[in-house]
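Spelled out from the first residue to the last, the chains are:
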Amino acid sequence: MREFRIFVQKEFFHIFRDRWTTLILLVLPVLMIILFGFGITTEIRNTKFAVYDPSRDAATQEIVNKLESSDYFTLDSYLSSPGDIEQLFKEGRVGFVIVFGEKFYQSMLHTGDAKIQLIADGTDPNTASILTNYATALINTYQQELFASQLIAESGKRGITAETRLLYNPTLKSAYNIVPGIMGMILMLICAIMTSVSIAREKELGTMEVLLVSPMKPFLIILSKLVPYFTISIINYITILLLSVFVLKVPIAGSLVLLTALSLLFIFVSLSFGILISSLVEKQIVALLISGMLLMMPAVFLSGLMFPVESMPQVLQWFSHILPVKWFIIAVRNVMIKGLGFSSIIKEVAILTGMGIIILMASIKKFKYRLE
Amino acid sequence: MKVIEVENLTKRFGSFTAVDNISFSVEKGEIFGFLGANGAGKTTAMRMLCGLLVPTSGKGVVAGYDIQHQSEKVKASIGYMSQKFALYEDLKVWENIRLYAGIYGVPEKETKERTDMLLAELGFEKEKESLVKSLPLGWRQKLAFSVSIFHNPEIVFLDEPTGGVDPVTRRQFWEMIYKASERGITVFVTTHYMDEAEYCNRVSIMVDGRIDALDSPSALRREFAAASMDEVFRHLARKSKNNGL
Amino acid sequence: MLKYLLEKEFKQFFRSRALPKMAVIMPFMAMLIFPLAANFEIKNINLAVVDNDKSVTSVKLVNKITSGGYFRLAESAATYGDAMRGVELNRSDIILEIPSNFERDLKREGEAKLFIAANAVSQTKGGLGSAYLAGIIGDFNKSINTQLKDGAITISPRFWYNPRLLYTYFMVPALMVMVLAMVCGFLPALNIVGEKENGTIEQINVTPVNKLTFILSKLLPYWIIGFVVLTICFFVAWFAYGLVPAGSLATIYLFAALFVLSFSGFGLVISNYATTLQQAMFMMFFFLLTFIFMSGLYTPVANMPDWAQKLSIISPLKYIIIVLRQVYLKGSGFTDLLNSFWMLSAFAIFFNGWAVLSYRKKS
């Protein structure tokens with residue numbers, strides 16, 4: 001046992017001697033939370049808009065004020081001719097332009113066919129549709145107010161109306177979606193990539209051979225390499241939770257114990273992955289590339305962390321099933337965001353456990369083979 | 001004629017003095033051995049002479065140029081072979097020669113002719129098209145040396161050129177050094193093989209950053225009443241504060 | 001001298017096992033796979049319907065919703081509770097509950113209510129999904145009741161430059177930038193660090209090769225390869241998506257050159273500080289991540305909190321992505337992009353100046 005402790009100590013020395021690596025290991029989760037939490041947001045804020053208003057009457061003024069006083073929009077300028085719209089978009093100055101019809105106020109009161117065109121910059125399709133939705137909603141509220149003040153008569157019955165409830169995330173904050181994803185990414189990064197690179201490094205430098213001829217069991221040597229990364233991932237896990245609760249204001253809706261158990265399971269899977277990769281390669285750079293291409297990139301793009309899996313082509317959807325991180329993210333969302341219990345994540349837990357065992361078996365087999 | 005002149009050369013890294021106020025000179029055509037235990041400051045001194053390190057204080061003139069202010073001119077007149085094998089492993093033998101010859105401005109036609117001559121001399125004709133990584137270590141070292149003197153420098157600096165090489169190849173290597181010396185190239189070589197020290201015209205022995213002895217091998221043996229250079233070296237090294245012996 | 005060094009770089013590049021393959025595969029990956037995966041477009045939202053009415057109107061409504069392409073009927077639940085179970089198990093994303101007497105109320109009172117509950121963990125899916133659903137219901141409303149008017153104001157949205165709102169049109173020009181950043185910024189830097197680790201750089205350092213020649217010999221090959229790869233990207237985008245720049249290719253090449261100059265400067269700075277490949281890779285990963293997320297690649301910079309917007313000024317990627325998108329989709333010309341031009345020039349001077357100052361041939 002004493003030998004084991006010495007080995008573990010050596011691993012910690014390796015990590016903390018290299019200041020850059022230490023810094024990155026500990027700061028990375030903070031950076032990711034901040035970048036993803038704030039950098040990826042579809043919450044519309046202060047989008048600039050321009051107005052072309054040939055009517056210039058009380059109603060158009062009121063509508064522009066309404067848009068401008070919301071948090072979503074900021075008035076950029078009034079245009080003197082519709083021909084200026086093109087130039088504004090080309091410079092990328094505004095998100096949309098609102099074009100009022102002529103004699104707006106009169107048409108609204110008398111003929112009931114006042115016209116508004118919302119011309120949005122469709123370059124970013126999602127933002128464009130969200131913008132027009134919000135602007136439409138604001139204009140409609142103005143109309144409702146008019147109805148209420150009975151300035152114009154309401155046109156009879158309303159027909160079907162829908163009442164919408166947004167479950168789990170009523171204010172539609174992107175952070176709710178992102179936090180579980182970051183957790184998966186960081187744990188994967190630390191456990192799989194760092195472990196595989198550090199084992200490959202020893203192989204490359206030839207020190208692995210020295211360790212293997214020592215009386216220590218190979219299994220324990222590998223285990224001693226895992227302990228520091230395990231510790232660091234626990235620290236990262238705690239950092240992520242603290243940051244998400246206190247900085248991003250994403251509460252932990254479900255059981256903390258269950259969430260922690262789930263994360264430990266995922267750490268186990270990721271560590272096994274790390275060992276498997278390292279038993280297959282001889283060079284650090286190859287370990288880095290393999291884990292980067294096979295684990296990191298898919299984790300970012302295919303796991304549903306940012307982009308909905310359902311929108312992808314079928315082949316990519318199939319591929320996403322073999323990513324452990326995808327199942328972990330689903331399970332974390334269920335427990336942490338939706339506040340559900342164990343029964344809701346049985347399938348995910350079973351899949352992760354299965355994957356972990358298979359990967360570990362494969363890597364042990366591979367590792368023994370390498371020693372002979 | 002002196003091709004290297006060093007006066008009170010010193011290099012400090014923080015509070016550690018790697019080279020401590022050394023002075024010496026080397027004559028043209030000489031084979032000058034630069035001896036010392038690991039960490040005695042040999043490589044640091046040599047790197048200063050090659051213009052890779054800036055001295056903390058002191059003066060050095062190599063091939064007539066000041067090492068501090070004219071290091072680029074120094075570089076044009078020397079050859080260098082580092083302790084670590086430094087040819088490109090993913091280039092072929094002739095490609096490495098062509099690259100370095102080109103860098104030093106050897107005309108292309110001359111390079112072509114001399115490459116074949118050189119390879120014939122080394123017995124490498126068949127390896128002309130081989131990648132350097134496929135050659136055994138001893139061959140690579142011989143090739144690296146040939147490349148470092150291909151442009152006929154005034155001086156060639158060799159930093160432990162025979163580390164890890166078998167005795168037969170080492171012998172051949174020294175024959176190549178003698179040939180270079182006959183061509184008028186001054187050879188400045190660091191080593192810790194004491195038998196190699198015997199091949200030098202003069203040797204200096206560094207201990208803890210200082211030069212403790214400098215003379216021809218036979219004179220040194222006489223001075224320390226020793227049977228071999230090995231004994232001379234051990235005698236001096238014992239005085240070191242941080243010797244590993 | 002430069003000639004021999006360039007010759008060496010090209011030989012090494014084409015002799016290495018991975019690099020030439022990568023140069024060919026990368027544009028195809030970036031142009032064909034990424035736009036499909038990195039897609040915020042909302043399709044195939046799983047809908048659970050709790051139809052307590054089971055009338056002609058309710059069935060018609062559900063048909064209309066599920067035939068539009070956005071929604072697919074994942075489940076017809078008997079009760080709201082059952083449907084909720086489905087949401088919990090991620091079988092469905094949105095619940096539509098139709099109350100009993102829906103049709104009767106609509107006919108008798110002229111008014112009827114529906115209930116929508118959306119899983120909003122993903123704001124795009126939940127938020128946009130429920131908005132789409134409400135939109136479809138609104139259309140349905142008008143279609144069954146022709147006397148019904150929107151009110152006194154008609155609002156008609158128009159989407160310029162991308163009327164079909166294709167997400168790929170948004171991503172493809174920006175992904176070209178990523179390819180350029182990898183080839184012209186990272187590869188030469190990793191190459192230099194590799195020479196450091198192998199010790200070959202020391203051999204070069206004792207030769208009369210000067211700083212500028214050495215660095216140029218590292219950069220030029222990757223610049224050339226970078227532009228070839230960029231051109232391949234143009235063709236792939238054309239064949240795969242029919243996407244051609246609305247503006248001029250010359251503008252794109254000009255700005256790409258400026259970006260490449262500044263980003264290789266950034267790579268050089270890293271190569272000056274890193275001593276091992278591992279360190280270099282980590283530093284790059286760290287900065288690239290920051291640059292990307294501050295660049296507006298996925299969502300507009302204007303949506304970010306104020307401090308993040310200020311921080312985004314330091315991301316060179318932001319400016320070149322703007323250029324590529326504007327030129328490709330809107331046909332913006334040089335004068336429309338002056339801001340990006342000045343910023344990229346400033347980055348080029350800053351990074352290259354820093355690289356020259358921090359580069360040491362001797363220490």
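Residues numbered from 1 in each chain as written. Chains lettered and ligands numbered in written order. Predicted model: local features only at pLDDT ≥ 70, side-chain atom pairs only at ≥ 80, totals over all residues.

Our focus in this paragraph is the interface of chain A and chain C. The interface is formed by 88 residues belonging to chain A together with 85 residues belonging to chain C. Secondary-structure elements contributing two or more residues to the side of chain A that touches chain C are α2 (19-39), α4 (84-91), β4 (114-121), α6 (125-148), β5 (159-167), α7 (175-205), α11 (284-301) and α13 (324-337) of chain A. In terms of residue count, α6 of chain A provides more of the side of chain A that touches chain C than any other element does, eleven residues in total. Looking at the side of chain A that touches chain C, its residues break down into 42 nonpolar, 30 polar and 16 charged. Two elements, β4 of chain A and strand β5 (residues 153-160) of chain C, share eight bridges in a ladder whose sense is parallel. Bridge pairing in β5 of chain C places alanine 114 of chain A opposite isoleucine 153 of chain C. (Contact = placed C-beta atoms within 7 Å. Helix = DSSP H or I, 4+ residues; strand = E, 2+ residues; numbered from the N terminus. Nonpolar A, V, L, I, M, F, W, Y, C, P; charged D, E, K, R; others polar. Pairing = 2+ DSSP bridges.)

Attention now goes to the interface of chain C and chain B. Buried accessible area, meaning the area lost when the parts come together, often serves as the stated size of an interface. With 20 residues of chain C at the interface, the matching set in chain B holds 22 residues. Breaking the side of chain C that touches chain B down by element, the ones donating at least two residues are α1 (2-15) and α8 (200-205) of chain C.

In this section: the pairing of strand β3 (residues 94-98) of chain C. All names here are of chain C. Extensive coverage of β3 is indicated by the burial of five of its five residues. Of the strand pairs in this sheet, strand β1 (residues 45-51) and β3 are connected by five bridges, and their pairing is parallel. The partner of alanine 48 across the bridge, within β3, is isoleucine 95. In this sheet, strand β4 (residues 111-119) lies alongside β3 in antiparallel orientation, the contact comprising four bridges. Counted as the bridge partner of glutamate 97 is phenylalanine 115 from β4. (Buried ≥ 20, exposed ≤ 12 C-beta atoms within 10 Å, placed from the backbone.)

Here helix α4 (residues 108-122) of chain B is 15 residues long and its end C-alpha atoms lie 21 Å apart, about the 21 Å a rise of 1.5 Å per residue gives. Within two residues after α4 of chain B, glycine 123 of chain B carries a phi angle of roughly 75 degrees, on the positive side. (Expected span 1.5 Å × (residues − 1).)

Quick look at the arrangement of the chains now. Among the two pairs of chains that make contact, the interface with the largest number of contacts is formed by chains A and C. Nothing in chain A touches chain B; the tightest C-alpha to C-alpha distance between them is still 15 Å.

Another point: the pairing of strand β10 (residues 210-215) of chain B. All names here are of chain B. With five bridges connecting them, strand β9 (residues 202-207) and β10 associate as antiparallel partners. Across the sheet, serine 204 pairs through a bridge with leucine 214, a residue of β10. What sits between β9 and β10 in their antiparallel hairpin is a turn of two residues, with aspartate 208 showing a positive phi close to 50 degrees.

This part is about the environment of serine 134 of chain B. Residues and elements named next belong to chain B. You can see serine 134 is positioned in the loop between α4 and α5 (137-148). Taking the number of C-beta atoms within 10 Å as the measure of exposure, serine 134 has 12 and is therefore exposed. Residues serine 134 and serine 71, spaced 63 residues apart in sequence, show a C-alpha to C-alpha distance of 35 Å.

Moving on to the domain arrangement of chain C. For chain C, the assigned domains read domain 1 (2-38 + 166-358) and domain 2 (45-144). Taken over C-alpha atoms, the centre of domain 1 of chain C sits 47 Å from the centre of domain 2 of chain C. (Domains from an automatic or database assignment.)

This part takes up the domain arrangement of chain B. All names here are of chain B. In terms of domain boundaries, chain B breaks down into domain 1 (1-77 + 155-245) and domain 2 (87-152). Using only C-alpha atoms to locate each centre, domain 1 and domain 2 end up separated by 26 Å. The element best represented in the side of domain 1 that touches domain 2 is helix α6 (residues 167-182), accounting for four residues.

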